[in-house]
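Secondary and tertiary structure notes
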Amino acid sequence: MHAGTLVLFTDQQPVRSDFLGALQGIAPCMVLGASETPPPGPYRALVVDLDLLQPSPLTGLRALIANAPGLPRVFLMRSMGQRSLSAARGLGACLCLPAETPVDTIVAALRTQIGSAEPQRPKGGLSPVAWAADATGAVIADLLYAARRSGAVDAARIDEGLEPVIEAVGVGGLSSWLATVRAYDDATYQHCLLVTGLAAAFALDLGFSVADRQQLVRAALVHDVGKARIPLAILNKPGPLDTHERAVMREHAAVGHAILVQAGGFDEPVLTVVRHHHEMLDGSGYPDGLRGEAIPDIVRLITICDVYAALVERRPYRAPLPAVAAMGILRGMEGKLDPILVQAFARAVDGS
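For every chain, the first residue of its written sequence is number 1, and the numbers climb from 1 along that sequence. Restriction of local features to residues with pLDDT of at least 70 applies here, the model being predicted, together with a cutoff of 80 or more for giving and counting side-chain atom pairs; totals for whole chains, interfaces and linings are based on all residues. As a convention, hydrogens and water are excluded, and side-chain values are obtained from all of the structure's heavy atoms.

Describing the sheet that holds strand β2 (residues 29–32)
Here, strands pair whenever DSSP counts at least two bridges between them. Per the convention used, a helix needs a DSSP run of H or I reaching at least four residues, while a strand needs a run of E reaching at least two, with both numbered from the N terminus. The parallel open sheet is built from five strands, whose spatial order is β2-β1-β3-β4-β5. Each end of this open sheet is capped by a strand with a single partner; those strands are β2 and β5 (95–98). Between one strand axis and the next, the sheet turns by 20° as a mean value, whatever way the strands run. Sheet analysis places strand β1 (residues 6–10) next to strand β3 (residues 45–49), joined by five bridges and oriented parallel. In the strand pairing of β3, F9 is matched with V48. The convention used is that axes are lines fitted to C-alpha atoms, helices contributing only their stretch in contact, and that angles between N-to-C directions extend from 0 to 180 degrees.

Brief notes about helix α12 (residues 243–250)
Within α12, burial applies to E245, V248 and M249. Here the buried residues of α12 occupy an arc of 100° about the axis, which is enough to place them on one side. Turned more than 90 degrees from where α12 packs its buried face, T243 and H244 sit exposed. Only heavy atoms matter for contacts: two residues are in contact if any of them lie within 4.5 Å across the pair. Against α11 (232–235) and α13 (252–263) lie the buried residues of α12. By the criterion applied in these results, polar contacts are pairs of N or O atoms within 3.5 Å in which, for protein atoms, one can donate a hydrogen and the other can accept it, and in which residues neighboring in sequence qualify only through two side-chain atoms. The N-capping residue of α12, defined by a side-chain oxygen 3.1 Å from the backbone nitrogen of H244, is D242. Residue exposure (1.4 Å probe, protein chains only): buried if accessible area is under 20% of the type maximum, exposed if over 50%, otherwise partly exposed. This arc is built from the directions going out from the helix axis to the C-beta atoms.

Quick notes on the packing of aromatic side chains
Ring geometry is summarised as follows: Phe, Tyr and Trp rings, the Trp one being its six-membered ring, pair when their centres sit within 6.5 Å, and such pairs are stacked at plane angles under 30 degrees, edge-to-face over 60 and tilted between the two. Enumeration according to the criterion identifies two aromatic pairs in this entry. Aromatic pair F202 and F345: ring centres 5.2 Å apart, planes at 70°, arrangement edge-to-face. Taken together, the residues F202 in helix α9 (residues 187–206) and F345 in helix α17 (residues 339–351) connect sequence positions 143 residues apart. Like F345, F202 is buried. Judged by centre distance (5.1 Å) and plane angle (70°), the rings of Y308 and F345 are edge-to-face.

Considerations on the pattern of salt bridges
Salt bridge criterion: a side-chain nitrogen from Lys or Arg within 4 Å of a carboxyl oxygen from Asp or Glu. Under the definition given, this model contains 13 salt bridges. Notably, a salt bridge pairs R78 with D11, separated by 2.5 Å at the nearest N-O pair. On the criterion of sequence distance, the pair formed by R78 in the loop between β4 (73–77) and α3 (82–90) and D11 in the loop between β1 and α1 (17–24) is long-range, its members being 67 residues apart. Accessibility expressed as a relative area gives 33% for R78, which makes it partly exposed. What makes D11 partly exposed here is its relative accessible area of 38%. Put simply, R218 and D159 hold a salt bridge, and the shortest N to O gap is 2.8 Å. A residue pair is termed long-range when its members are at least 10 positions apart, and R218 in helix α10 (residues 210–222) and D159 in helix α6 (residues 155–159) qualify at 59 residues. Using a relative accessible area of 17% as the deciding quantity, one classes R218 as buried. Relative accessible area serves as the criterion here: at 35%, D159 is assigned to the partly exposed category.

Points about the state of the cysteines
Cysteine pairs can be linked by a disulfide, which is a covalent bond between their two sulfur atoms. In what follows, a disulfide is any cysteine sulfur pair within 2.5 Å. Tallied over the full model, the rule gives zero disulfides. As a non-bridged cysteine, C305 has C192 as the owner of its nearest cysteine sulfur, 13 Å distant. With a relative accessible area of 0%, C305 lands in the buried category.

Quick look at helix α7 (residues 162–172)
In terms of burial, α7 is a largely internal element, eight of the 11 residues being buried. Of the positions making up α7, those classed as buried are L162, P164, V165, I166, A168, V169, G170 and V171. In the stretch just after α7, G173 is the one whose phi turns positive, near 90°.

A short note on the side chain of R73
Secondary-structure assignment places R73 in strand β4. At 15 Å, D350 is the nearest oppositely charged side chain to R73, a buried residue that forms no salt bridge. A distance of 3.0 Å separates a polar atom in the side chain of R73 from the backbone oxygen of L71. Excluding residues within four positions of it along the chain, R73 makes contact with L46, I65, A68, L91, G92, A93, C94 and L95. His is not counted, nor are the chain ends, whereas Lys and Arg count as positive and Asp and Glu as negative.

A few points about the packing of α7 against helix α8 (residues 174–181)
One can describe the packing of α7 onto α8 by two numbers: an axis separation of 6 Å at closest approach and a directional angle of 120°. Comparing the axis directions of α7 and α8 gives the class oblique. The residues of α8 that touch α7, namely those facing V165, A168, V169 and G172, are L174, S176 and W177. Its residues assigned to classes, the contact of α7 with α8 shows five nonpolar, two polar and no charged. To sort the angles, those under 35 degrees are grouped as roughly parallel, those over 145 as roughly antiparallel, those from 65 to 115 as roughly perpendicular, and the leftovers as oblique. For this scheme, ten residues count as nonpolar: Ala, Val, Leu, Ile, Met, Phe, Trp, Tyr, Cys and Pro. Four count as charged, namely Asp, Glu, Lys and Arg, and the remainder, Gly too, count as polar.

Some remarks on unusual backbone geometry
Of note, the amide linkage connecting Q13 to P14 takes the cis form, showing an omega dihedral of -5°. Its location among the elements puts P14 in the loop between β1 and α1. A cis geometry characterises the amide bond from Y286 onward to P287, with omega recorded as 10°.

Notes on the confidence of the model for the chain
The pLDDT value expresses, per residue, how confident the predictor is, ranging between 0 and 100. Put simply, the chain has an average pLDDT of 86, and 93% of its residues get 70 or more. No element of the chain has a lower mean pLDDT than α3, at 73, and none a higher one than helix α14 (residues 268–276), at 98. Counting contacts from residues 116–122, a segment whose pLDDT is below 50, to residues more than four positions away or on other chains yields 12 contacts.

What follows is the structure, given as structure tokens:
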């Protein structure tokens, strides 16, 4: 058997020709059912395309994992819910991707996992994650520039930043995205990129549809657009803000909402996130003091990403908090943040 053989366990028969062809572009590929036992290896990697919630002995899959415990494993998930993800992680999944992930993204992720070849570097010799961060960062830069100068924000330009970050997080993992964007010097760009990457990872882990993933990431990308109108002396102050400065900074949520309403082209959920991402369930947030059921789920999701990003990002006056400490703070905000979503977010961050 070829030393570079891939094994695809799938219950999808026949296998899509484009998918199989893409896998064979990496190495020869053996296609097996869940209970079929492969001949002795060695193998290059394992791809699992099975409904893990359906009753199945998975004997062949478990035998291969037992015989090759270090084999890279990419799981294509019919559901990104907790039960499915727990089953995949119990089988040692290195990476879980939604089943509808584009074939090119799956192949790039597989190449990254097995380290058999450098992933294609889209531009200028950058890694895919670095290129995606630059591409999304350019969108954020254009957004803030337009908001600062004229308010003529282009909704179509914003959409150019969605797929790069979703693909980068799906392929390279959240940790690679966070490590890459922490290199940005500008605090506002770094924060927006962090929140956007966290939202992408959260949406992937929750099993959102393509449209819902894009909406959540779009909302994350523009959530702080109002900071374009905050004086730079306050925005870039190398220390904690005083009472007056905090009051000015708090204006960014309502200002950002007004900018996007005037620009047009943004749907109501995104506008709601921009205005309300600092609202808290107990009514202590701003600008409108919303509480409880008045705060939509999409706002609750982005607020969690926003708070976590603020804790783990670098600030001039403090080092970034470790992930464990940041999650501890989020869990301690019960009454302010949705505890069920906080738990789901912890799973998404840990799984990524």
